[in-house]
Each structure stands twice: as structure tokens, then as C-alpha cells.
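Okay, here's what each chain looks like letter by letter:
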Amino acid sequence: MFFTSKMKLSDVLISNHSLVLTLQRFKIELGFGEKTVAEVCRLNSIDPQFFLLICNVYSDSHYLPTEEEIAHTDMSGLLPYLIASHNYYLCERIPHIEQHLNRIADACKPNHKGILLRFFGEYKNEVQNHFLYEEKTVFPYIVSLCDNRKSEGYSINQFEENHSNIEDKLEDLTNILIKYLPGDIMPKERISLLFDLFQLSSDLNTHALIEDKILIPYVESLENKTAAQ
Amino acid sequence: MKTKVFLIEKSPIVTAGFCQMLQENAQFDVDATADTMDRIAERLIVVKPDIIVLNPQLIDNSKLFTFRSLFQDLPNVPIIALVYNYFDSQVLKHFDGMVEIDDNLPKIVSKLTEALESASGHSESPDIYDLSDRERAVLIKLAKGMTNKAIATDMHLSVHTIITHRKNIVKKTGIKSIAGLTVYAMLNNLIEE
């Protein structure tokens, strides 16, 4: 483990600034002074082990928790964490990016404006459907497993197979803004939008890692438990 | 003739082990070794290796992302990372492959072979980033929503050829989705609507 529960939370955040994004998802408010990870987690009723698991995936893309680590961690916070991430992407980041893009598109020729907005509209739909599938199909299945109910005809393998890629189009948009949109169109706004895209793209990557390295192994262990009964 | 490997590694133990292992293999031969990156460009001209195995730890921190410029005299020689510490994937992606310290001989040989094969594939298509006329024609049809098969029939080419064109288009533009390619085509005035 890179981070320990005895570290000051402020030190953890400063050592990896992208972890600031997780606070809102854990419903941790800023202003925690010199408190350690353990203290802040206790005050917010978060399992510190789970909090550290997320922090470690964020800090090292090669980090893979062991089966024991997953078995000994209270995972009740996982689905709320993932849903809060979805909400952040859909209700905050994507609308923010859309506003930027709208202003840039307004400065383009009408046919270019049309195609840019249509492209982003499609992307938004794709992301919405991706999250909707998880929240309406995958997460209820996990809840039923936790309640020791078997649901017939579904397994986490299907999720792995159908897990669509929502990062490609974001990279495409980044390339278009850097390389192909004429240089005189809103240069300042474009640079600011590029930063937003880089940040969203890297956070979505980590989000996918959390699903691959924590969610899927965890659900597989639940499935094995249910099957053994 | 054996494929000449140039090993750049600091640890004498690892160097000796690597050379010993590859001796058991008919295809590769460690032709030269170095334990530092100092004056590496000069050594390269003399050694003329077919493939380079390099421990990324030897690269100066400030050059982690630009180290390939040191090897620019041999642009088609693949460089494989020899890794036994954690390295950021952002660094490793500048290599053409990765050998890990616990890899066995068959694994090492297959990784080196793979890197050589894909390097020779690269040299067939030189570093031209502008789309060729053929690629542009394929792109326009893709942007119009045609399938690989329809494009193949239309252009009297095999589906396989169309897929190769598509791969090159993605490699050159960095754009993966059809929707993104449509935007590209429009911004470059290749299509109207």
C-alpha cells in the first residue's frame, strides 16, 4: 500500500492532486485540518481500508489489490462511490465541457458547428447509456448478490464483455481540437477546454480501472460465495 | 546470421545472466553490452545492433520521454525495456516492447521477435503523416457511413486492404471513431454534409 490510514489526509491529496476528485464522491468536506485518513474516514463513516484501496488505484495504474485485501474490505461504499462518480461526469463535467464546446462551435462555419455539436451529442448519449446500463442492470444484480439472492441469467462476465469504451470519442475530440479545427477559432477557450478533456479522460480511465480491479473481482467473489451455498 | 542484440544494463549479474540465457538460443546473440548511456550514440554506430535491450533506469530522468532521440541514427532498430522496477506506463510506451526480470527464455525470445517483426512492418510504411489518396478515399466513404465490405466492393479492393487503410488512417490522425472521422472529413472539406 502506498498510502496508510495514519497519514494526514492533506498530505495524501497534495502528493496526488487527482485524489481531490474523490472527496466529493466520499462526501468528505474540505477543511479537515491536520486530521489523518483514519480520523476523517471515521467522522464520515467510511471504511478506511476501502478509501485507501481507491487512493492506491488512483496513484498506481499497475496496482492490483489481492483477493484477501478485497475480502477484508468493507465494500458497502463501492456502489455509492461509483454512482457519485457517474453523477459528477454527467451533471458537472460533461455540461461544463458542452458549454465550452458550444462557444467554440458558435465561432465556426455553420456546417462545422453542426457536425461538432452532433458529435458531442452522440458522445453524451453514449456515456449516458453506458452509466445507465451499469446503474439499472449491473448494480441491482450486485445488490441482489449481497442479499444472498441469486439472479438467474446474469453474471459479471457479461458485464466484462459488454463494457463499452467511452474514452475513444473523447480522445477523438482532443485530436480534433488540437490538430484540425482552424487555429484562429477561440484559441484561449480551446486550450482551457483541452485541459478539461485531459482531466476527464484521465479520470474516466481511473474509473474504468476501479471497475476492473475492484468491482469485478469483488463481484466474482460474491458469485463464488453464492454458488457455494 | 544471428540477430545482434545490444544490451544496455547496469548490473553485472543481470548482464551475465541475460547473455548466458540468450546463448542457448539459435536466433539471438548479445553482440555488445554497455553499463551506461554515456556516448551511446557513438557506440551504436560501431555496434550496429538489430535490436536494443535497455534498462530504463539508465536513462537520465530529464530524458525519460525523449530518450529515443539518442538512438535516432538507427530509427528502425526496436528498443526493448528491461524492467525490474516499477516504471510509469507513460515512460514504457516509448519502448517497442518490455522484457521483465522473471521472464523465461521462450518468453524473451518471443518478445524480441515480435518487436522485430512489427519494426519491419513499420519500415514498409515510412513516417508520412498525411493521408495517401487511397486512404483519403476510404475515409470519405467511412464518413458517409459505408461498411468495410461496401467500400471494398466499391473500390474493387479486398476487405483486408480496406482494414489496413483504416488502421493507417487511425494511426495518422489519432481518430478512432467513425463519428470522429466524419468531423475530420468535414473540417478538411473532404465531404460537404
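All values reported here derive from a predicted model rather than from experimental measurement.

**Comments concerning the overall build of chain B**
Inference 1: Across its full length, chain B holds eight helices and five strands.
Inference 2: Mapped in sequence order, the helices and strands of chain B form the string β-α-β-α-β-β-α-β-α-α-α-α-α.
Inference 3: In chain B, buried positions account for 42% of the 193 residues.
Inference 4: The contacts of chain B with a sequence gap of at least 6 include a subset with a gap of at least 24, amounting to 64%.
Inference 5: Counting only carbon and sulfur atoms, one obtains 53% of the accessible surface of chain B, whose full area is about 10,800 Å².

**Considerations on the sheet that holds strand β1 (residues 3–8) of chain B**
Residues and elements named next belong to chain B.
Inference 1: On the basis of which strands lie adjacent, the open sheet formed by five strands has the order β2-β1-β3-β4-β5 and parallel pairing. Lying at the two open borders of the sheet, with one neighbouring strand each, are β2 (28–34) and β5 (97–100). Neighbouring strand axes in the sheet, compared pairwise and without regard to direction, differ in orientation by 25 degrees on average.
Inference 2: Pairing between strand β3 (residues 51–54) and strand β4 (residues 79–83): three bridges, direction parallel. For Val53, the partnering residue across the bridge sits in β4 and is Ile80.
Inference 3: Packing against the sheet, helix α1 (residues 12–23) makes contact with β1, β2, β3 and β4, and its axis sits at approximately 160 degrees to β2.

**So, the packing of helix α6 (residues 78–106) of chain A against helix α10 (residues 187–228) of chain A**
All names here are of chain A.
Inference 1: Close contact between α6 and α10 brings their axes to 11 Å; oriented N to C, the two are set at 160 degrees. Here α6 lies roughly antiparallel to α10, going by the angle between them. Judged by the sense of rotation from one axis to the other, the crossing of α6 with α10 is left-handed.
Inference 2: The residue inventory of the contact of α6 with α10, partitioned by class, reads 18 nonpolar, seven polar and seven charged.

**Section: the environment of A:Thr66**
Inference 1: Summarising the element assignment, A:Thr66 is placed in the loop between α4 (48–59) and α5 (67–71).
Inference 2: It is 9.2 Å that separates the C-alpha atoms of A:Thr66 and A:Pro217, two residues lying 151 residues apart in sequence.

**Description of the packing of aromatic side chains**
Residues and elements named next belong to chain A.
Inference 1: Going through the model one piece at a time under the given rule, you end up with 10 aromatic pairs over all chains.
Inference 2: Where Phe26 meets Tyr81, the ring centres are 5.0 Å apart and the plane angle is 45 degrees; that geometry is what we call tilted. With Phe26 in the loop between α2 (20–25) and α3 (37–43) and Tyr81 in helix α6, this residue pair connects regions lying 55 residues apart in the sequence. Across the pair, Tyr81 and Phe26 agree in class, each one buried.
Inference 3: Ring plane angle 25 degrees and centroid distance 5.9 Å describe the contact between Tyr89 and Phe131, whose orientation is recorded as stacked. With Tyr89 in helix α6 and Phe131 in helix α7 (residues 110–146), this pair connects stretches of sequence that are 42 residues apart. Comparing Tyr89 with Phe131, the two get one shared label, buried.

**Points about the interface of chain A and chain B**
Inference 1: Of the residues lining the interface, 19 residues belong to chain A; the matching set on chain B comes to 19 residues.
Inference 2: The three residues of chain A that bury the most area against chain B are A:Ile115, A:Asp172 and A:Tyr180, which together make up 34% of that side's buried surface.
Inference 3: Between B:Lys176 and A:Asp168 there is a salt bridge, and its shortest N-O distance comes to 3.7 Å.
Inference 4: Across the contact surface, chain A and chain B share six residue pairs in polar contact (both at pLDDT 80 or more).
Inference 5: Considering every element that reaches the side of chain A that touches chain B, the biggest residue donor is helix α9 (residues 168–180) of chain A, with eight residues.
Inference 6: Each residue belonging to the side of chain A that touches chain B can be placed in one class, and the counts come to six nonpolar, five polar and eight charged.

**Structural notes on the confidence of the model for chain B**
Inference 1: For chain B, the mean per-residue pLDDT works out to 87, and 95% of the residues sit at or above 70.
Inference 2: Taken over the whole predicted complex, pTM reads 0.70, whereas the ipTM for its chain interfaces reads 0.84.

**Topic: the side chain of B:Thr3**
All names here are of chain B.
Inference 1: Turning to its location among the elements, Thr3 is positioned in strand β1.
Inference 2: Judged by relative accessible area, which is 12%, Thr3 ranks as buried.
Inference 3: Residues within four places of Thr3 in sequence aside, it is in contact with Gln27, Phe28, Asp29, Asp50, Ile51 and Leu116.

**Here's the deal with the side chain of A:Thr174**
All names here are of chain A.
Inference 1: Among the secondary structure elements, Thr174 is positioned in helix α9.
Inference 2: For Thr174, a relative accessible area of 11% gives the class buried.
Inference 3: With near-sequence residues (within four places) excluded, Thr174 lies in contact with Leu194, Leu197 and Phe198.

**Focus: the pairing of β2(B)**
In regular strands, side chains alternate between the two faces of the sheet.
Residue and element names in this part refer to chain B.
Inference 1: Of the strand pairs in this sheet, β1 and β2 are connected by six bridges, and their pairing is parallel. Residue pairing in the sheet places Phe6 in a bridge with Ala32 of β2.
Inference 2: The parallel pair β1 and β2, bridged by α1, forms a crossover whose chirality is right-handed.

**Some thoughts on the packing of α9(A) against α10(A)**
Residue and element names in this part refer to chain A.
Inference 1: Orientation of α9 relative to α10, taken along the N-to-C sense of each, is 160 degrees, at an axis distance of 10 Å. As far as their axial angle goes, α10 and α9 are roughly antiparallel. Crossing of α9 over α10 shows left-handed handedness. Of the residues in α10, those touching α9 at Leu170, Leu173, Thr174, Leu177 and Ile178 are Arg190, Leu193, Leu194, Leu197, Phe198, Leu200, Ser201 and Leu204.
Inference 2: When its residues are assigned to classes, the contact of α9 with α10 shows 10 nonpolar, two polar and one charged.

**As for the pattern of salt bridges**
Residues and elements named next belong to chain B.
Inference 1: Under the criterion given, the structure shown has 17 salt bridges over all chains.
Inference 2: Here Lys111 makes a salt bridge to Asp103, at a shortest N to O gap of 2.6 Å.
Inference 3: For Lys111, a relative accessible area of 21% gives the class partly exposed.
Inference 4: If you follow the salt bridges from partner to partner, you end up with Glu100, Asp103, Lys107 and Lys111 in one network.

What counts, and where the lines are drawn
- Residues numbered from 1 in each chain as written.
- Chains lettered and ligands numbered in written order.
- Predicted model: local features only at pLDDT ≥ 70, side-chain atom pairs only at ≥ 80, totals over all residues.
- Heavy atoms only, no water.
- Helix = DSSP H or I, 4+ residues; strand = E, 2+ residues; numbered from the N terminus.
- Buried < 20%, exposed > 50% of the residue type's maximum accessible area, 1.4 Å probe, protein only.
- Contact = heavy atoms within 4.5 Å.
- Areas by Shrake-Rupley, 256 points an atom, 1.4 Å probe, with all protein chains shown as cover.
- Pairing = 2+ DSSP bridges.
- Axes fitted to C-alpha atoms, helices over the stretch in contact; angles between N-to-C directions.
- Parallel < 35°, antiparallel > 145°, perpendicular 65-115°, else oblique.
- Left-handed = near helix turned anticlockwise from the far one by under 90°.
- Nonpolar A, V, L, I, M, F, W, Y, C, P; charged D, E, K, R; others polar.
- Phe/Tyr/Trp six-rings, centres within 6.5 Å; stacked < 30°, edge-to-face > 60°.
- Buried area = accessible area lost by both parts, 1.4 Å probe.
- Salt bridge = Lys/Arg side-chain N within 4 Å of Asp/Glu carboxyl O.
- Polar contact = N/O pair within 3.5 Å; in protein donor to acceptor, adjacent residues only side chain to side chain.
- pLDDT = per-residue confidence, 0-100.
- Right-handed = clockwise from strand over helix to strand, strands pointing away.

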